[in-house]
Amino acid sequence: MSALWHRLFLERRPSLSLGLFRLAVAWTVGAHMIPSFFHMEDNYLATAFKTKNPSFFPIWLLRLVEASPDWVVSLWTGLFFVFLATFTLGLFSQASCILMTLTCYYFYALNDYHIGTLSFDILLVTLFLMCVTGYHGDFLSLDSLRRGKRNAYKRPQPYFLQRLLQLQLAWTFWYTALSKITAGGNWLTGNPHYHLMHYPPIGVVRDFPFREWLGQHPGLCYNLGLMLLIFEFSLPLLWCIPRMRAIGIALGVAFQLMLWVTLHVPTIFLFLFPAMMLLFIRPETLVQWIEARQAMHAAGNRAVLLYDGRCGFCQESVKRLRVVDLFGWVDPLDFHAQPDLSRLHPSLTAERCRSEMVLLEPDGRLSGGFDAFARFCRRLPLLWWLAPLVHLPGAGWIGTRIYRWVAAHRYLLHRNPVCATNQCALPGPPAGGGNGQNGGQGNGSSKI
Amino acid sequence: MLLRRNRAITWFVICWTLLFQYETLRASYLNPLVKRELPKLRLLFPPAGWIMFFNVDKAYGFAEVYGIRDGTPTLLDPHDILETKAVGYDNIHRNVLIGTLYPQRARQFCSFLKRKFSGYDAFLVIYAQYPDIVETPERILRRVMYRCE
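Each value, and the rule that gives it
- Residues numbered from 1 in each chain as written.
- Chains lettered and ligands numbered in written order.
- Predicted model: local features only at pLDDT ≥ 70, side-chain atom pairs only at ≥ 80, totals over all residues.
- Heavy atoms only, no water.
- Helix = DSSP H or I, 4+ residues; strand = E, 2+ residues; numbered from the N terminus.
- Rg over C-alpha atoms; globule rule 2.2 N^0.38 Å.
- Buried < 20%, exposed > 50% of the residue type's maximum accessible area, 1.4 Å probe, protein only.
- Contact = heavy atoms within 4.5 Å.
- Areas by Shrake-Rupley, 256 points an atom, 1.4 Å probe, with all protein chains shown as cover.
- Lys, Arg positive; Asp, Glu negative; His and termini not counted.
- Charge placed at Lys NZ, Arg CZ, Asp CG, Glu CD.
- Pairing = 2+ DSSP bridges.
- Axes fitted to C-alpha atoms, helices over the stretch in contact; angles between N-to-C directions.
- Phe/Tyr/Trp six-rings, centres within 6.5 Å; stacked < 30°, edge-to-face > 60°.
- Lys NZ or Arg CZ within 6 Å of the ring centre and 35° of its normal.
- Core = buried A, V, L, I, M, F, W, Y, C linked by side-chain atoms within 4.5 Å.
- Domains from an automatic or database assignment.
- Buried area = accessible area lost by both parts, 1.4 Å probe.
- Salt bridge = Lys/Arg side-chain N within 4 Å of Asp/Glu carboxyl O.
- Polar contact = N/O pair within 3.5 Å; in protein donor to acceptor, adjacent residues only side chain to side chain.
- Patch = residues over 30% accessible without salt bridge, like charges linked within 9 Å, V, L, I, M, F, W, Y side chains within 5 Å.
- Disulfide = S-S within 2.5 Å.

### Quick look at the overall build of chain B
If you tally the helices and strands in chain B, you get 3 helices and 4 strands. For chain B, the α and β elements follow one another from N to C terminus as α-β-β-α-α-β-β. Its C-alpha radius of gyration of 23 Å places chain B more than 25% over the 15 Å reference for a compact globule of 149 residues. Each of the three principal axes of chain B carries a C-alpha extent, and together these read 75 × 40 × 35 Å. With 149 residues in all, chain B has 43% of them scored as buried. Once local pairs closer than 6 in sequence are excluded, the contacts in chain B between residues at least 24 apart make up 57%. Put simply, chain B shows about 8,100 Å² of open surface, and 59% of that area lies on carbon and sulfur atoms. Looking at charge distribution, chain B has the averaged site of its 21 positive side-chain charges lying 15 Å from that of its 14 negative ones.

### Some remarks on the sheet that holds strand 1 (residues 60-69) of chain B
Strand pairing in a sheet relies on backbone hydrogen bonds, with the paired strands running either antiparallel or parallel. All names here are of chain B. The sheet built from 4 strands is open, its strands ordered 2-1-3-4 with antiparallel pairing. What marks the edges here is a single partner per strand, and that holds for strand 2 (72-75) and strand 4 (141-148). Ignoring which end each strand starts from, the neighbouring axes of this sheet average 30 degrees apart. Here strand 1 runs beside strand 3 (residues 122-130); their pairing, made up of 9 bridges, is antiparallel. The residue bridging Gly-67 from the neighbouring strand is Phe-123, located in strand 3. The strands touched by helix 3 (residues 106-116) are strand 1, strand 3 and strand 4; relative to strand 4, the strand with the most contacts, the crossing angle is about 80 degrees.

### Concerning the packing of aromatic side chains
Geometrically, a pair of aromatic rings is defined through the distance of the ring centres and the angle of the planes. If you walk through the whole model with that rule in mind, you get 43 aromatic pairs over all chains. Residues A:Trp239 and A:Phe280 carry aromatic rings whose centres are separated by 5.2 Å and whose planes lie at 35 degrees to one another, so their mutual orientation is tilted. A residue pair is termed long-range when its members are at least 10 positions apart, and A:Trp239 in helix 12 (residues 218-240) and A:Phe280 in the loop between helix 14 (268-278) and helix 15 (283-299) qualify at 41 residues. One exposure class covers both A:Trp239 and A:Phe280, and it is buried. Ring centres 6.3 Å apart and planes at 10 degrees place the aromatic pair B:Phe12 and B:Trp16 in the stacked group. Taken together, the residues B:Phe12 and B:Trp16, both in helix 1 (residues 2-34) and 4 residues apart, mark about one turn of the helix. Aromatic ring contacts, followed pair by pair, group A:Phe128, A:Tyr135, A:Phe160, A:Trp171, B:Phe12, B:Trp16, B:Phe20, B:Phe45 and B:Trp50 into a single cluster. Across the ring face of A:Trp187, the terminal group of A:Lys180 is positioned such that the distance to the ring centre comes to 4.5 Å. The ring centre of A:Phe327 lies 4.6 Å from the NZ or CZ of A:Arg293, which sits over that ring.

### Quick look at the environment of A:Leu169
Residue and element names in this part refer to chain A. Note on placement: Leu-169 falls in helix 9 (residues 160-181). Overall, Leu-169 belongs to the buried group, its relative accessible area being 1%. Those residues within four positions of Leu-169 in sequence are excluded, and the remaining contacts are Trp-239, Phe-273, Met-276, Met-277 and Phe-280.

### Some words on the nonpolar core
A:Phe21, A:Val29, A:Met33, A:Phe80, A:Phe107 and A:Leu127 are the most contacted members of the largest nonpolar core, which has 97 residues in total. Here this core gathers at least three residues from each of two domains, domain 1 (1-45) and domain 2 (60-148) of chain B. Not counting residues up to four positions away in its chain, the partners in contact with A:Phe107 are A:Met33, A:Phe37, A:Tyr44, A:Val73, A:Trp76, A:Thr77, A:Phe80 and A:Ile115. With 25 residues, the next largest nonpolar core counts A:Cys314, A:Leu359, A:Phe370 and A:Ala387 among its residues.

### Side note on the interface of chain B and chain A
Each partner contributes to the interface: chain B provides 61 residues, whereas chain A provides 73 residues. Around 6,300 Å² of area is buried between chain B and chain A when both sides are counted, 68% of it from carbon and sulfur atoms. Salt-bridge contacts for B:Arg115 lead to A:Asp42; the nearest nitrogen and oxygen are separated by 2.7 Å. For the pair chain B and chain A, the interface holds 30 residue pairs in polar contact (both at pLDDT 80 or more). Where the side of chain B that touches chain A is concerned, the elements lending two or more residues are helix 1, strand 1, helix 2 (78-81) and helix 3 of chain B.

### Notes on the pattern of salt bridges
Here the structure, examined in full by the defined rule, presents 21 salt bridges over all chains. Salt-bridge contacts for A:Arg282 lead to A:Glu284; the nearest nitrogen and oxygen are separated by 3.7 Å. A salt bridge links B:Arg26 to B:Glu23; the nearest nitrogen and oxygen atoms lie 3.3 Å apart. One end of the pair, B:Arg26, and the other, B:Glu23, are both in helix 1, 3 residues apart, so they sit about a helical turn from each other. Accessibility expressed as a relative area gives 3% for B:Arg26, which makes it buried.

### Here's the deal with a nonpolar patch on the surface
A contiguous nonpolar patch, built from A:Phe210, A:Trp213, A:Leu220, A:Leu224 and A:Met227 and spanning about 530 Å² of accessible area, is present on the exposed surface. Relative to the elements of secondary structure, A:Leu220 occurs in helix 12.

### Remarks on the state of the cysteines
Applying the stated criterion across every chain yields a total of 2 disulfides over all chains. One disulfide bridge connects A:Cys311 with A:Cys314, the sulfur atoms lying 2.3 Å from each other. Across the disulfide from A:Cys311 to A:Cys314, rotation about the S-S bond amounts to roughly 90 degrees, and the bridge is consequently right-handed. Residue pairing for B:Cys110: its cysteine sulfur links by disulfide to B:Cys148, the two sulfurs lying 2.0 Å apart. Torsion about the S-S bond of the B:Cys110 and B:Cys148 cystine: about -70 degrees, corresponding to left-handed handedness. Of this pair, B:Cys110 sits in helix 3 while B:Cys148 sits in strand 4, and the two are 38 residues apart along the sequence. Residues B:Cys110 and B:Cys148 agree in their burial class; the two are buried. Cysteine A:Cys97 is unpaired, with the sulfur of A:Cys131 as its nearest cysteine sulfur at 3.6 Å. Since its relative accessible area comes to 0%, A:Cys97 is described here as buried.

### As for the sheet that holds strand 3 (residues 303-307) of chain A
Residue and element names in this part refer to chain A. The strand order 4-3-5-6 describes an open sheet built from 4 strands, whose pairing is mixed. Of all the strands in the sheet, just strand 4 (330-334) and strand 6 (366-368) have a single pairing partner and so form its edges. Each strand axis lies, on average, 20 degrees off the axis of its neighbour in the sheet, ignoring direction. Where strand 5 (residues 358-360) meets strand 6, 3 bridges bridge the pair, whose relative direction is antiparallel. Residue pairing across strands places Leu-360 opposite Leu-366, the latter belonging to strand 6. Strands strand 3 and strand 4 of the sheet are contacted by helix 16 (residues 312-324), whose axis makes an angle of about 160 degrees with strand 3.

Structural data, given as structure tokens:
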């Protein structure tokens, strides 16, 4: 019993799934809350039509929130966006999650008319669990970049949080099905599907293909209802059986899509539930997949990044690059330690490597400075989100200038009092070739 | 240290599980069982458990708002009344307007309507109902819930 409990909740396992789930939660919160801020005068300010949820909030809290003047509401709006951004980026993940959740509660208490749905309650339950620990900041986050640990993706943490999220989803499915056949539910005694097919145009059912046809077959609708019940009861079991897990997740995602295509239900179901289903995938499987990709790159040709290994700022940057380079696509090399750069590429010179970082890709493509950074954004999956930004018109012009400034001041961007004049470098290992000494001395125009 | 952490996690898991089950079962199962309203944990969990689409009836009710100008009522598009757009679905189709029907919300909703539709002299807030969407899909019963002057 004790061993089972330990295996279920206490065992330390990689927490990368929670990092991915954090993004899904952030997206869901944003998609649910942000539209309500476009009409502040209708939803939250003194002119709004507001309703309260006294069964959820204590009365004293509702009164306190109700007394908010408009400027306080605007302030909370700003805070919401700040904390949503930091939570999304995984910056101080746990604190961000707590503060973002507080802002969600504030707006829920202020006016539950638009955002207060059953699905929002489900989201809040999920957010509460996410607030309990900061494990979701271990991967795909600025927190992991700050820590600079290369193996952040497999950092082991107690598994209880992921397990409780799995259980939350399973129980929600079971109890949803149970309430349809007990406690006032009419899925056995009535024909809910048949009624739904006849809903008026203003109703919750979308105008999807075969709706009219289904509406002419009450028997089929009833049986579809029964099948749906069996499906809702059995789906969580599929997630728990390793051999059936993939099918269960695929069916679950398809079910959520079907709901979204046929009904005007809050998209929280579509955004949050499939992501929760993915939490049933063993984190070790994801780690194995990542390491298989790393092994593949290691076995084949990897790209080479030539950087200034005598510059502390560059070393720190490379440390963070290793965190971002999840699949090990790049092999960073200190150019001072390369006896013959031309062996790597005929046009490579020490002069160029001193002036900017140089990326040499397996196909022989050479890029440097900001262009190399732009190539990283295209080649490293964790930087894909930056790719559209660095390819915007004018981004190259601005990026190149920023890069040059940073490169020119790179010896000042780390704590080394000896480099106050930007005329020196960290003492490094003796370089194999003649380039090392020049690189070490540097000059006023030295750039990474 | 490890033991303390494991103990804390164990307690959290037990408490969370009990609360989750209690709040899920309270409204529909435990209240009828003990024949009284059991206390609800505030600030977490929905009031009635996870009851999505649990009862779909033949009747369908919704709200209508008419703007009155020079004595002539005009049906207002609910999308003009509640302009907030949700991502991926239409809140109006989720029958969100029905929340305006409660008489205790009349004062606030009337001032909201007067601000948004200042060109009208008055408003009628109406409860409309299809008594049977299958047998008589064209039949709609209407009842004025309140009038905004």
